[in-house]
Amino acid sequence: MKRFLFFIATLILHSSLFTLHTSACTNLIVGKAASTDGSVIVSYNADSYGMYGNMYRHVGGKHAPGEMRKIYEWDTNKYLGEIPQAPVTYNVVGQMNENQVSICETTFGGREELADSTAIIDYGSLIYIGLERSKTAREAIQIMTDLVAKYGYYSEGETFTIADKNEVWVMEMVGKGPGSKGAVWVAIRIPDDCICAHANQSRITRFDMKDKQNVMYAKDVVKFAREKGYFTGKKDAEFSFRDAFNPLDFSGIRYCDARAWSFFNKHVDGMDKYLPYINGQDLTLEMPLYMKPKHKLSVQDVKNGMRDHYEGTPLDMQKDLGAGAYVMPYRPSPLSFTVDGKKYYTERPTSTQQTGFSFVGQMRNFLPDAIGGVVWWTNDDANMTAYVPVYCSVAEVPKCFQRIEGKQDDITFSWESAFWLCNTVSNMVYPYYSKMYPDLRRVIDETEKNFQFIQKSIEERAKVAYNNDPAEAVKILTDHSQTCANTMMKDWKELFEYLVVKHNDMVLKEENDKHQLVRSKYGLGGKITRPGYSEDFWRRVVKETGDRYLMK
């Protein structure tokens, strides 16, 4: 109990830093032998208040000697410098390149004194340069670590998911501080038959320094930690990357590792034994980096994992007064609050309102790269939107997913922007969650089911075309990706109109079994239902107000 209270106390110091950070994200990982169809699957919720979700696009090609690549910090768009362009770069769509290499991240921050404001390469640039230049995950790791060694690492501590069509790696990196160019890092390969998750807390502890096939690391990672006083163990084998560079505190457990626990909890037996760890009571029960699931996971399982709010667990957000009258599994930030001088916290689930974009990457080694890599993409909270398939080979990305300054961007609303259209619907549903969400979720499920249903036939067409003319296959997949994006936009515009009319003024208009609003026999709207609050909520009102509203 004393340890738990200590972690609560650390919240005062750490929670404000955590909640203000611009990259509080979640990654889920599935190895190819742990997936239902042999896909390597990764995911990424890019969570940042005020962030406009934009699908990154790089057109690859050959570059002349002396050509430079400008570096802008991803979080702020601040110009950091430039580096020589690679002789050859690859096409990139979102978080995946044409070779089915995918890179995602979550920020753990770590020791503040190790951030290097004099460096050139930030974590976002590291991701996209890695994608622009790599054919495999291992090559991406080499490129990324070489870049920071040469140009310095500008950002805070970071956990990267680095995957290709055959394997997935988790790499953790932290800078060496101003005046010490470079970074220290460790990368571990996730076994093919396992799943993994990370969410803003370093998860690599001890690692086998002799396993050259599945472990890579900076040669000075232990030496540097010793020099800084972060590690004092007698043997290098005792070294824990997390304990040295991102020691656990309450926010790291409850806000971060809890999200990883919830993903494991759905697919691994016996996860209840880690609840004392998640509650900050017993750190000896810390979770391993990866686990073998009790069943194989599909792409849809991962999509649904990105929509998690701890439903059905002791951390369920819909079971207390904070959920409101309409049992909303969301809480406004910040993640802590003070009452009568005491500090409290709220849960931080995987699904959150500040998601700028969400991505599920599907990579398959049994298909040509142009067909095998699918960027399942959505702008806004994954729980409130449908994932749209965009193939890694497309000649252009759907316009609705782009950021166009002055037309559809951070401060410019547009009905043609997926980000703003989806946010409009989401923000209408949030305060009336239990009332409106079933209608929204029905449309999500129908839209995604349709995309999943047509996937096989589109890919068969593309495979036939690819054997004769790869460019024709790319055209088929580009057109299909655009069609799916247009379909989602059409569905969401219709959904917005439907929700406004059906739920107008907090009542319900009559509809048929096809969810079509009906008219009375006189041509007006059908029967009106006034659902009011739930009985449970009214009991809370009576408990708080006593006989104030008792009818006499």
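Procedures and definitions
Residues numbered from 1 in each chain as written. Predicted model: local features only at pLDDT ≥ 70, side-chain atom pairs only at ≥ 80, totals over all residues. Heavy atoms only, no water. Buried < 20%, exposed > 50% of the residue type's maximum accessible area, 1.4 Å probe, protein only. Helix = DSSP H or I, 4+ residues; strand = E, 2+ residues; numbered from the N terminus. Arc of directions from axis to C-beta. Contact = heavy atoms within 4.5 Å. Axes fitted to C-alpha atoms, helices over the stretch in contact; angles between N-to-C directions. Parallel < 35°, antiparallel > 145°, perpendicular 65-115°, else oblique. Nonpolar A, V, L, I, M, F, W, Y, C, P; charged D, E, K, R; others polar. Core = buried A, V, L, I, M, F, W, Y, C linked by side-chain atoms within 4.5 Å. Salt bridge = Lys/Arg side-chain N within 4 Å of Asp/Glu carboxyl O. Phe/Tyr/Trp six-rings, centres within 6.5 Å; stacked < 30°, edge-to-face > 60°. Pairing = 2+ DSSP bridges. Expected span 1.5 Å × (residues − 1). Polar contact = N/O pair within 3.5 Å; in protein donor to acceptor, adjacent residues only side chain to side chain.

### Considerations on helix H4 (residues 221-228)
Three or more residues of H4 are buried, namely Val 221, Val 222, Phe 224 and Ala 225. Summarising the axial view, the buried residues of H4 lie within an arc of 160°, below the 170-degree limit, and thus occupy one face. Counted as exposed and oriented over 90 degrees from the buried face of H4: Lys 223 and Glu 227. Where H4 is buried, its residues meet strand S12 (168-175), strand S13 (183-190), strand S15 (215-217) and helix H5 (241-245). Gly 229 lies just past H4 and shows a positive phi near 80°.

### Here's the deal with the packing of helix H11 (residues 433-468) against helix H12 (residues 470-502)
Look at H11 against H12: their axes get within 10 Å of each other, and the N-to-C directions meet at 170°. Relative to H12, the element H11 is oriented roughly antiparallel. Among the residues making up the contact of H11 with H12, the classes are represented as 20 nonpolar, 4 polar and 6 charged.

### Observations concerning the nonpolar core
In globular proteins that are soluble, nonpolar side chains generally tend to be buried together. In this structure, Phe 160, Val 221, Phe 239, Phe 245 and Trp 492 are the most contacted members of the largest nonpolar core, which totals 156 residues. Broken down by element, the residue count for this core peaks at 11 residues, all from H12. Once you skip the residues sitting within four places of it in the chain, Val 221 turns out to touch Val 184, Trp 185, Val 186, Phe 207, Phe 239, Phe 241 and Phe 245.

### Comments concerning the pattern of salt bridges
Per the stated rule, a full pass over the model turns up 31 salt bridges. Among the salt bridges present, the one from Asp 308 reaches Lys 266, with a minimum N-O distance of 2.4 Å. In this pair, Asp 308 is assigned in the loop between helix H8 (299-305) and strand S17 (336-339) and Lys 266 in helix H6 (residues 250-267), connecting sequence segments 42 residues apart. A salt bridge links Lys 475 to Asp 479, with the nearest nitrogen and oxygen atoms 2.9 Å apart. Highlighted residues: Lys 475 and Asp 479, both in helix H12, separated by 4 residues, approximately one helical turn. Residues joined by salt bridges that share partners form a network here, namely Asp 439, Arg 442, Glu 446, Lys 502 and Glu 511.

### As for the packing of aromatic side chains
Inspection of every chain in the model, using the stated rule, returns 29 aromatic pairs. Relative to Phe 239, the ring of Phe 207 lies with its centre 6.2 Å away and its plane at 90°, an arrangement referred to as edge-to-face. With Phe 207 in the loop between strand S14 (195-198) and S15 and Phe 239 in the loop between H4 and H5, this pair connects stretches of sequence that are 32 residues apart. Both residues of the pair, Phe 207 and Phe 239, count as buried. Ring pairs connect the aromatic residues Phe 207, Tyr 217, Phe 224, Tyr 230, Phe 231, Phe 239, Phe 241 and Phe 245, which therefore count as one cluster.

### Examining the pairing of strand S18 (residues 342-345)
With 4 bridges connecting them, S17 and S18 associate as antiparallel partners. Paired with Val 339 across the bridge in S18 is Lys 342.

### Overview of helix H10 (residues 418-429)
Here H10 is 12 residues long and its end C-alpha atoms lie 17 Å apart, about the 16 Å a rise of 1.5 Å per residue gives. Burial within H10 is extensive, with 10 of its 12 residues counted as buried. Within the span of H10, buried status applies to Ala 418, Phe 419, Trp 420, Leu 421, Cys 422, Asn 423, Val 425, Ser 426, Met 428 and Val 429. One side-chain oxygen at the N-terminal end of H10 lies 3.3 Å from the backbone nitrogen of Phe 419; it belongs to Ser 417.

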